[in-house]
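So the chains spell out like this:
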Amino acid sequence: MTSFLSQPRTIVLHKPRKVFGSFLVTKESNTPYSDATKTSHDGEKIKRPMNAFMVFSHYERKKIIEVQPDIHNAEISKRLGKKWKELSDSEKHPYIQEAERLRLLHLQEYPGYKYCPKKKLKVTPPKSFIDTQLENRAKSPLNKTAKAPERHTFKLQSTFGGNSFVNSRLKLSTRTTPINTSNLSLKLTIDSKFKASIRNSKSKLIPVSGFVSNSTSPSSTPLSTTPTPSPMAPILNRTIPGTCHPLNQGTLTWGQDGLMAYGSHNMVVVVDPATVQVVQCLNKHRANVVVVDWVTSDTTRLQLASGDAAGQIVSWDLHAGEHLRQVQDGNLPVHQLRWVNSTSLLAVHPPNHLILWDMVAGTKVWKKSYGDSILGFDLSPFHPDTVLLRCEHSFLTVTDFSLVKCPKSEGKKFYLVAGKGGSPGRGVEGTEQKMNTKSTKLRRMVRSMVLGDMGELEQQDKVNDCMSAVFHPGVKNQVVLAYSKEVLIVDTELGQTVGQINVDRSNSPLAGMEVARQKPVIFLLHESGSVSVWSLKNGLTVASTPIMMSKSQSLLSFPSTPASSMPPMDGLLEVSYESLTVSEHVRLGKNCRVLGLAVKPSTQAEVAFLTTDGRIFFLNLGSADSSAMDMPIVTLSSLSTTSMRLTVSAILSSLSPSKAVRMCPPLTTKNWGEYRPLLAVGTVTGHVQVLNVSTGLVEREVAVHSAPVLGLEWTSTNPAASLLSFAYSSITGSSSGLVRNELVHMDIITGKVKHLRTEQGREAGEPKITMIRVSHLKKYFVVAFASGPFELWDLTKLCILRTMPKKFPHITALEWSPLHTARVKKSGSVSPCEKEGSKEQNMKEVTKEHIVLTDHDGQLYHFTVEGHTIKDGTKIPAETGLGTITCICWKSDMIVRGDTEGNVNIWNMKTRQSKNIHTGRGGVKRMSFSPGKNNMKIIVLYDDGVQIWDVKEMEMINELRSPLDIGKVEDVEWASSDRVVMAGQDGAVRLAGLALAGTSSHTLAYGREQMVACMALLPRDTFRGIACSLAYRPWAEGEDIRKVLTAGLTEEQVGLVEAMLDYLGEQFISSVSDGGVSLSERYLLVSLALGLMYETELWRVVVEQKAGRALSRQFHVLVDRDTFMARQEELSRLHMARAVEREDRVRLTAQLICLGQMEAAVSMLLDIDMEDNNSMADQLLACLIQATANRDTKECQLSHVSTMKMVATSLLSEGKLWEGVQLLVLTGKVGDACSYLRSAGHWDQALWLGKCRMDQEEWLGLAGRWADHLVQAGQVKKAAVALLAVGSGLQALECLHVGQFRDLAHKMMPLLMEEEGISVDQVLEEAVMMETANLMSELGMKKAFEYYCEKLGRKGEELRLELGSKM
């Protein structure tokens, strides 16, 4: 074999066009952003990170000043802006990349920084309720001599996040008279310690603490007992997924990095199975997602694509939560898509188009249309140019698939039917048969039109009901077909079904299937919610029911053979699968069903399936013997098929469809120690879910009602710990619209539920509850009915105070006034024992609150509630131009009303001015003001979308239309002053900013209680560095592995690494540490943990060969000779028992000759029908085989050989390749036969023949030439696996080195030298170390770089001088 080192190589170093400041920052710098931008570090006044335009201006401004030193800054800015607009996207790209690098450096230097824009102060703010009270107090007779206080306005910086009061203006008054401090109930001393604590807590976020069981007033808590602040995760744009649509079936897929993705209505949800949490929700589709697929590549991580029911395909950037590229061909659902490599995506677009997309450019590479409607496809794992198409009425095998040009052939057509009498036969679509079929079909159609008999027609024209058709990834030349009641194993060479799995007896129908690669194992998902595991039995079995074969049990192709030519059915052999284990049935709801099955690709010992209610069930495949489970990472190949069990390990739940959501009371100074951003969600199932919008986790779920929850209100503020909800259910037989109401008070901490209005709810019927409203001080609440008077309740005692008279108008909208008061008055009656008590015992707090409500005529009523009494107030006539008021909200001096015609009325009580805005959006369903003083933004919910308005400016900020921009929204709410909550009909809860532009954020920016266990979320170079350090780290021998992996990482990156190591466990850490396991086993463990698919296959070959175990069937000719011959003999027996057509018999005869089974070949040739035209040729060939097998003398042998070789040469010259090869094998010229096959491009057949008939030395030479062929074709990795499998480890190292796979060569060389004891040439060793040192320099691993430079000696010193300054 020609050494790869002798081949000339050219190494091209690509240098950046522009050296940016981020390139010059050292890893050890504590101020990376300041170093990159050449600015000073200022921890007090932190500037925002530079964006792309600022980076561009930073460099271009200097060029302009050099030419024109006296130019004005305004003119420079004008020129820069014009020049920036003229740049193309490719010219802007380097500056965008630099801005992203600077953003990460800024985050590293200032980890707690949050951008807080300052708003302009208004000189004359409008008077509020507090202003009015101050003016009234100044006009009081008691203050006539006092000078009017002078007011100053200032603004606090927003250091408490979005959901805060600090955006409001505070009024201070300066007074000339001294304050009597003895009248103050609380005293606060402002000393140096207090000021220091304020400065230290300035940069901290809102604290998070646990729920407090008892709700106390703010004044009852001493100041010294305020809890210590702890950081709270910010409230960002995010989506919490809900249920799934039936069209999402089959979307569940498991990526190589351990993350899982599935479709939930029109969004893609990414889940981390390790920590059982949602990682990201991707929103871009406008139709239901129907297919999702991950990229499988060791160089491209976390890339996926999805297709929807409208024909749109989107590729995603998982880190940023944004789409990369959108492509579309037509508006019909995408049937299937698959990544061919990291840039090319193959997709099926209805009805019959197969399109290869370039997802980088967003263009079509080619488009091919076929005659039948395509339902799905699969790529062959053994032949890159072969694709199996599952069509509406048949199957197609395309053998000229290419990434460069469109396939020209129409493919080989297969279809599933039964022969005569139900036996398997093979039918041809000849001209005569086509004509008969057409005429028969025409007669049936005419008969159906005349007689109305459609049964026979429907039965004959039944479409292909195959759910899934895939190539077996672990067995060559096999296809697995899944039907609802059975699974068929099809041999593509024979063109027949050679095995089946019947599930109609012991299990429910199938809903999904996954075929394993490591072993011939099939995972089946059943409609009952169970998963069964089936494994291939050793040897062949006699078919149990060879005559009563179902219609779908034979894969037929051309040409046709009568049923009388079939072999005897008594000897019909088949492959059989046995059931290993079945998981327990999962309890599914009434309308819940399973949607898809996925298997973890790296280990294939973890399974998951999805249900329509959004739940994901995770199952682990393990050994029934507990002693056999002592492995760091359990894989399917490491488990024994004799004892397995499949158990549920975790369940990930989702939100149920909701009708109402309510955010807990906003953050204030009174509740900042206990505040948690909780959202109450009332579901259609009657449950109440409490969701933490900063972490996205459901913290509590309680079954409250027997009907959908229609309204929610929080009844406590410090902390938010209790809820009030209502629902109603219809009464059977009631025709007057009466219902059975349910009004419930719930404590979310204890889960205690108290039903209110119990007696009324048990009546025959009453008007349904339309709304409940709780007062601002949480003292009262109102219950309104559809056709009855409203009720006033005491919230503290949960008792009714007053029911309005029946003649009172029925209200349509109601709101409590924010202008409430509380005063303390002396108790009316005091007992003798109380007189001796304290002064506070004789006093009680009396609150005064206001209600405004509207009736069907649009009239506005005002009531006052004080103590236990309700007083009638004013009545305002209906506004002209308004319809029936549906909702009302009140804040400060503004009252906003919405009606059934889409009008929004804004009434300023201070100026007594009113303005109507006709939105044209239909009826208003709900309105709500944003929290925060003077924050007058309002969100409005319509039937067809959402709008956000600024009431002060009387302008709309933004809007979403349904279903154009978003799905149907059921309810809206404010999560904070700048974040809105939208509860969709799909069950998802979306949080968006004021721009309503997106409902997702960067993956690592989300607040989480547990970090995601996926190292692929790290930057690419950091991930590669960790992979190298985990596998082989001679530069850090004896050091703690955690310190080695986390050296030089940011706090966020350290959290990711720690989370992954915690998930893998201490056993894994000790195994990959020095001396834990052998080097090859360590490599395998690391590749399994990090999802390095190619490395897993490479190192598994080494581990299996070292342990003396046979390689799995996926390696085919690369296994040892004894195992290969045993498997081929078993396959020949199967084909001999089922061969029907002459072409099959001829092919099988050639295989038997190559295998050396001459007697079996002669027997097959003689066992023919004498009436066949080819019988004479077969008998002559049998005589020739017999003659060559019984050569008596050497002269006779030479005579036979020379004659047959001459005939073989003549056949080969005429293009009859296989006939000539067959004769060469008979003469013993196996090498010549393989040479002819290689020359014709039939490498698979040449390798198969060489494995069967060549000795070991010749076979190694043939394998080496095959590796050379693979390298020339660009398949370096496949060549390395082949060389390693045949024992040529040194050549495999050369192959990887020449192919510039530096990280693999750096691991392969010590494996060969230390574990295998192979001596590596000094030149090759130095070349590999030189490339490894370059790799470590690129990855920023300074210690490893220094280690290899020291090992290289003089060359290392030169390399250190060249590259050391860049680190």
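Residues numbered from 1 in each chain as written. Predicted model: local features only at pLDDT ≥ 70, side-chain atom pairs only at ≥ 80, totals over all residues. Heavy atoms only, no water.

## Thoughts on the pairing of strand β8 (residues 289–294)
Point 1. Counting buried positions along β8 gives 6 out of 6 residues, so the element sits mostly inside the fold.
Point 2. Where β8 lies against strand β9 (residues 303–308), 5 bridges are found, and the strand directions are antiparallel. When the sheet's bridge partners are listed, Asp293 is paired in β9 with Ala305. (Buried < 20%, exposed > 50% of the residue type's maximum accessible area, 1.4 Å probe, protein only. Helix = DSSP H or I, 4+ residues; strand = E, 2+ residues; numbered from the N terminus. Pairing = 2+ DSSP bridges.)

## As for the sheet that holds strand β3 (residues 238–240)
Point 1. Spatial ordering of the open sheet is given by β3-β62-β61-β60, a layout of 4 strands whose pairing is antiparallel. Looking at the sheet topology across the chains shown, the edges are occupied by β3 and β60 (969–976). Taking the axes of each pair of neighbouring strands and ignoring which way they run, one obtains an average angle of 20° across the sheet. (Axes fitted to C-alpha atoms, helices over the stretch in contact; angles between N-to-C directions.)

## A look at the nonpolar core
Point 1. Among the nonpolar cores identified, the biggest contains 141 residues, and Leu259, Met1015, Trp1099, Leu1249, Leu1293 and Met1308 are the most heavily contacted of them.
Point 2. Counting 31 residues, the second-largest nonpolar core is a separate cluster that includes Ile235, Val702, Leu723 and Met746. (Core = buried A, V, L, I, M, F, W, Y, C linked by side-chain atoms within 4.5 Å.)

## Description of the pattern of salt bridges
Point 1. Within this structure, the stated rule accounts for 43 salt bridges.
Point 2. Among the salt bridges present, the one from Arg79 reaches Glu75, with a minimum N-O distance of 3.5 Å. Taken as a pair, Arg79 and Glu75 lie in helix α3 (residues 73–86) at a separation of 4 residues, close to a single helical turn.
Point 3. Under the relative-accessibility criterion, Glu75 is labelled partly exposed at 32%.
Point 4. A salt bridge links Glu606 to Lys600, with the shortest nitrogen-to-oxygen separation between them at 3.5 Å. Residues Glu606 and Lys600 agree in their burial class; the two are buried.
Point 5. Members of the salt-bridge network, linked through shared partners, are Arg662, Glu713, Arg773, Arg926, Asp971 and Glu973. (Salt bridge = Lys/Arg side-chain N within 4 Å of Asp/Glu carboxyl O.)

## A look at the side chain of Gln478
Point 1. Looking at where Gln478 falls in the secondary structure, it is placed in strand β21 (residues 478–482).
Point 2. When its relative accessible area of 12% is taken as the criterion, Gln478 is described as buried.
Point 3. If near-sequence neighbours (up to four positions away) are discounted, Gln478 is found in contact with Val470, Phe471, His472, Ile489, Val490 and Thr492. (Contact = heavy atoms within 4.5 Å.)

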